[in-house]
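Chain by chain, the residues:
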Amino acid sequence: MMGLLMDAIIDLLQQNALMPRADMARLLDMELEEVESAIAKLEAEGIVLGYQAIINREKWDTEKVTAIIEVRITPERDGGFDRIASRIAKFEEVQSCYLLSGGYDLLIVVEAANLRNAAAFVAQKLSTIDAVQATATHFRLKTYKENGAFHQLDSAPERLSVSP
Amino acid sequence: MSIRIADHVRDIPRSGIRDFFEIVQTMDDVISLGIGEPDFATPWHIREAAIYALERGRTGYTSNLGLPRLRRSIADYVRGKFGLRYEPLSEILVTVGVSEAIDLALRALLNPGDEVLYHEPCYVSYAPSIVLARGVARAIETRAEDGFSLRADALEKAITPRSRVLMLNFPTNPTGATMTPEQWEKIAAICVRHNLVVMTDEIYSELVFDEGAHSSIATCKNMQERTVFLHGLSKAFAMTGWRIGYACAPAPLIEAMMKIHQYAILCAPIMGQDAAIEALDRGDESVATMRREYERRRNFITRALNDMGLECHKPKGSFYVFPKITSTGLNSREFSMKLLQEHKVAVVPGTAFGPSGEGHVRCSFATGLDQIKTAMERMADFVAAPR
C-alpha cells in the first residue's frame, strides 16, 4: 500500500513538482501531513534527487548550446567504467552522463555558454583524459519535447461547454 | 404554411442540458463542470492509426454490421474484459455511438405501448428514445442513500404486464452509481421471472475506481440470452467525436437491429472503425493512465464538495459526482443558474436527468485539475454566501 502511494506521489511530482501539497493530499485522498512526510522521506532517502525547471532555449539564453557526446573509454582493471565515468560527470559542463550498451560506452549531455566553450570542453577536458579513446559530438539544433514537455504547445481542442 | 410536427415528437420536451448550454454559450470566463466527455484528446497511437488508414485510402463504406476485423476485436475485448462470448459475424453490430445502438434496440424490440423500465436519474436520452420508439417510459427512482443503485424491490414494484425491457446504465451518468455482482443476481432473477429483455449501457465500465472490478448483468445466469450489451469507445478511450459504439446480442435481435441500421445509417464511419481497432487491441495502457487521472480528480472534487458543506457520495465509477445541494435552500435549477450567473461555474441541474435528480447537481471531473480547483473555490464562496 505504502509503495503504491509513493508511486502516486512520485507520479504527481514528475508531472508538476510545484503542485501544492494540499492539492496532492486531496487528489490521493490523504492527509496533508502524510503527503508532506512522504515527500520528506523520498528526499531524505535520495529517491527524489531534485526539482528543476524545463527551459525553452528558443526563448531564453539562446546562445547556449547543448552537445550530446558519445564517448568510448577503456575500462579500468579495478572499477570498470565507474571511476572514469564519475570523473567525467564531475565537470560542471556535464548535465547528464549515462553508461550505455552498444557501439560506445558513455553518453554525456553537455551544456556550454556558446559553441566555442563546448568545443573547448571536448578538446581540452574530455579528450585529454587517458581512458577516453574517442568522442563523437552532436549539437542540438531544435528541441521538440523534453522531459515530457512539448516546446511548441498545440492549442487545446475545443469542447462544447455543456454536454450530456 | 405551418408544418405539422408529429405529435409524439412535438410532445418530447427540450433537453434541460440544451437550455443550459445556450445560456453558458453567451458568457465569458465560465468554468464548465457540465461537460460529459473526456478532456483528453484521443491517445496519439489511436489517432496515428486512423491517419495511417486514411493514407492507405480506407475511405469507403464498410459492411452494414461493421468491419469484420473490428467485430473480432470487439469480441476479444468483450470476452477479455467482461467474460462474455459473442460471435463476431452474427452477434455484434457496430453503430454510430451507443446512442444509435439504444435507438435500434428499442425500435427492434418495442410494439406501440410496450413499457420500458429505466432507473432515474439517468442519461438524458433514455426517456425520449423510448418515446420515439413508440414505447412507454417508466422511471424507477434511485436514491442517494442507496448510492443511486437499483433496488430489486423497486424494480419488482414497477413491473406491469406491459413491461418488456429494462434499461440499465452502471456506472451511471449522472450519479456515478455502480452495482455489485450480488445486487445483479437479484435484478437478474426478476428479469428472468418476468421475461424482461435487458439493455445494459456499460459505456463507463472502464472508469471504475479503487481497484474495483466492473460487473455486467449479462454474466448472470440465463441473462446473456435476454441481454443487449451496449458499449462504445467514447468515454474509456476519449473518442467521443469518432462516434463508435456497438451492440452485442443474440443473432436474431442483431439481425433486426441491422435492418434498421442499414436503411437509416448504412454503416458507422470507417475512420472511426479503423481507429477503434487500434484502441481495442492496444489501448489498455492509455485507458489505465486516464483512469488514474480521473480517480485522483474524483478524490479531489468529492472532498472539496464535502468540505464546503455539500453532501456528496464518492462515486465508484464514471467521471461525475452528484452532490446534494438542498442545504443551500435552493432547488437544482436555481442553484445551477445562480452559480453560473454569480460565480461563473457551470454545473448541470440534477433535474436534467429526471425529476428524481431534484436536490442534486451534476459536476463532471473530466476537466483539468486547475479548472476543477478554481471551480471548487468559486463554488465554496457561493455556498458560504448568506441568502
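Starting from 1, residues in each chain are numbered consecutively following that chain's sequence as written. Naming scheme: in the order in which they are written, chains are lettered from A and ligands are numbered from 1. Local features in this predicted model are restricted to residues whose pLDDT is 70 or higher, and side-chain atom pairs enter the listing and the counts only when it is 80 or higher, whereas totals over whole chains, interfaces and linings include all residues. By convention in this description, side-chain values take in all heavy atoms of the structure and omit both hydrogens and water.

A. How the structure looks around the overall build of chain A. Looking only at helices and strands, one finds 5 helices and 6 strands in chain A. Order of helices (α) and strands (β) in chain A, N terminus to C terminus: α-α-α-β-α-β-β-α-β-β-β. For the radius of gyration, the atoms used are the C-alpha atoms, and the globule rule reads 2.2 Å times the number of residues raised to 0.38. For a compact globule of 164 residues, the expected C-alpha radius of gyration is about 15 Å, and chain A comes in at 21 Å, more than 25% above that figure. Each of the three principal axes of chain A carries a C-alpha extent, and together these read 65 × 40 × 25 Å. The cut-offs for exposure are 20% and 50% of the maximum accessible area for each residue type, with area from a 1.4 Å probe on protein chains only; residues under the lower value are buried, those over the upper are exposed, and the others partly exposed. Burial status across chain A gives 30% buried among its 164 residues. Of the contacts made within chain A by residues no fewer than 6 positions apart, 61% connect residues no fewer than 24 positions apart. In the form shown here, chain A has an accessible surface area of approximately 11,000 Å², with 52% of it arising from carbon and sulfur atoms. Between the mean site of the 17 positive side-chain charges and the mean site of the 25 negative ones, chain A shows a separation of 7 Å. Numbering of helices and strands starts at the N terminus; helices are DSSP runs of H or I of at least 4 residues and strands are runs of E of at least 2. Here, two residues are considered to be in contact whenever any of their heavy atoms come within 4.5 Å of each other. For accessible areas, the Shrake-Rupley method is used with a probe of radius 1.4 Å. Any residue's cover is judged against the shown protein chains and nothing else. The sign given to each residue is positive for Lys and Arg and negative for Asp and Glu; His and the chain ends receive no count. Think of each charge as sitting on NZ of Lys, CZ of Arg, CG of Asp or CD of Glu.

B. A look at the environment of Thr143(A). Residue and element names in this part refer to chain A. Mapping Thr143 onto the fold places it in the loop between β4 (132-139) and β5 (145-146). Here Thr143 falls in the buried class, since its relative accessible area comes to 16%. For the pair Thr143 and Arg57, spaced 86 residues apart in sequence, the C-alpha to C-alpha distance is 8.2 Å. In protein, a polar contact requires one atom able to donate a hydrogen and another able to accept it; more generally it is a pair of N or O atoms within 3.5 Å, and residues adjacent in sequence count only if both atoms are side-chain atoms. Within polar-contact distance, the side chain of Thr143 engages the side chain of Arg140 at 3.0 Å.

C. Focus on the pattern of salt bridges. All names here are of chain B. Definition used for salt bridges: Asp or Glu carboxyl oxygen within 4 Å of a side-chain nitrogen of Lys or Arg. One pass over the structure, following the stated rule, counts 33 salt bridges over all chains. Among the ionic pairs, Glu145 bridges to Arg143, the shortest N-O distance being 3.9 Å. Classification of Glu145 by relative accessible area gives exposed; the value is 63%. What you see here is one network of salt bridges that share partners, running through Arg143, Glu145, Asp146, Arg151 and Asp153.

D. Structural detail: the packing of helix α12 (residues 332-343) of chain B against helix α13 (residues 369-384) of chain B. All names here are of chain B. Note on definitions: angles span 0 to 180 degrees between N-to-C directions of axes, and those axes are lines fitted to C-alpha atoms, for helices only across the stretch in contact. With their axes 10 Å apart at the nearest point, α12 and α13 run at an angle of 115° to one another. Here α13 runs roughly perpendicular to α12, going by the angle between their axes. Where α12 crosses over α13, the handedness of that crossing is right-handed. On α13, the residues that touch Phe335, Lys338, Leu339, Glu342 and His343 of α12 are Arg378, Met379, Asp381, Phe382 and Val383. Note on residue classes: Ala, Val, Leu, Ile, Met, Phe, Trp, Tyr, Cys and Pro are nonpolar, Asp, Glu, Lys and Arg are charged, and everything else, Gly too, is polar. For the contact of α12 with α13, the residue count by class is 5 nonpolar, 1 polar and 4 charged. Under this scheme an angle from 65 to 115 degrees is roughly perpendicular, one under 35 degrees roughly parallel, and one over 145 degrees roughly antiparallel; angles in between are oblique. Should the near helix be turned anticlockwise from the far one by less than a right angle, the crossing is termed left-handed; should it be turned clockwise, right-handed.

E. Looking closely at unusual backbone geometry. The omega angle of the peptide bond from Phe170(B) to Pro171(B) is -10°, so this bond is cis rather than trans. Looking at where Pro171(B) falls in the secondary structure, it is placed in the loop between β5 (163-168) and α8 (181-193). With a phi close to 45°, Asn147(A) is a non-glycine residue in the positive phi region. Looking at the secondary structure, you find Asn147(A) in the loop between β5 and β6 (149-150). For Asn147(A), a relative accessible area of 71% corresponds to the exposed category. Unlike most non-glycine residues, Glu211(B) shows phi in positive territory, near 60°. With respect to the helices and strands, Glu211(B) occurs in the loop between β6 (197-201) and β7 (227-232). Its relative accessible area of 78% is what places Glu211(B) among the exposed residues.

F. Broad picture of the packing of helix α1 (residues 2-15) of chain A against helix α11 (residues 284-307) of chain B. Orientation of α1(A) relative to α11(B), taken along the N-to-C sense of each, is 95°, at an axis distance of 13 Å. Between α1(A) and α11(B), the interaxial angle falls into the category roughly perpendicular. Counted together, Ala8(A), Asp11(A), Leu12(A) and Gln15(A) of α1(A) and Arg292(B), Glu293(B) and Arg296(B) of α11(B) form the full contact between these two elements. Tallied by class, the residues present in the contact of α1(A) with α11(B) amount to 2 nonpolar, 1 polar and 4 charged.

G. How the structure looks around the interface of chain B and chain A. With 32 residues of chain B at the interface, the matching set in chain A holds 19 residues. With both sides pooled, the region where chain B packs onto chain A buries about 2,200 Å², and carbon together with sulfur makes up 50% of that total. In this structure, the connection of chain B to chain A is made through 6 salt bridges. Among the salt bridges present, the one from Asp307(B) reaches Arg26(A), with a minimum N-O distance of 2.9 Å. Across the chain B-chain A interface, the total number found is 20 residue pairs in polar contact (both at pLDDT 80 or more). As used here, buried area is the combined drop in accessible area, with a 1.4 Å probe, of two parts when they are placed together.

H. Local environment of the nonpolar core. All names here are of chain B. With 117 residues, the main nonpolar core has Leu166, Met167, Met199, Phe335, Met376 and Met379 as its most contacted residues. Those residues within four positions of Leu166 in sequence are excluded, and the remaining contacts are Leu117, Leu150, Leu155, Ile187, Cys191, Leu196, Val197, Val198 and Met199. With 30 residues, the next largest nonpolar core counts Ile46, Met239, Ile270 and Ile277 among its residues. Residues belong to a common nonpolar core when they are buried Ala, Val, Leu, Ile, Met, Phe, Trp, Tyr or Cys residues joined through side-chain atoms within 4.5 Å.

I. Just the pairing of β7(B), in detail. All names here are of chain B. With respect to burial, β7 is a largely interior element, 6 of its 6 residues being buried. We call two strands paired when DSSP finds no fewer than two bridges between them. In the sheet, β6 pairs with β7 via 4 bridges, with the strands oriented parallel. Within β7, the residue paired with Val198 across the bridge is Thr227. Judged from the 4 bridges that link them, β7 and strand β8 (residues 245-248) form a sheet pairing that is antiparallel. Residue Leu230 lies in a different strand from β8, and its bridge partner there is Ala247.

J. Representation of the sheet that holds strand β9 (residues 320-321) of chain B in the model. All names here are of chain B. With antiparallel pairing, the 3 strands of this open sheet are ordered in space as β9-β12-β11. The sheet terminates laterally at β9 and β11 (348-349), the two strands that pair on one side only. Where β11 and strand β12 (residues 361-364) come together, 2 bridges link them in antiparallel fashion. Of the residues in β12, the one forming a bridge with Pro349 is Val361.

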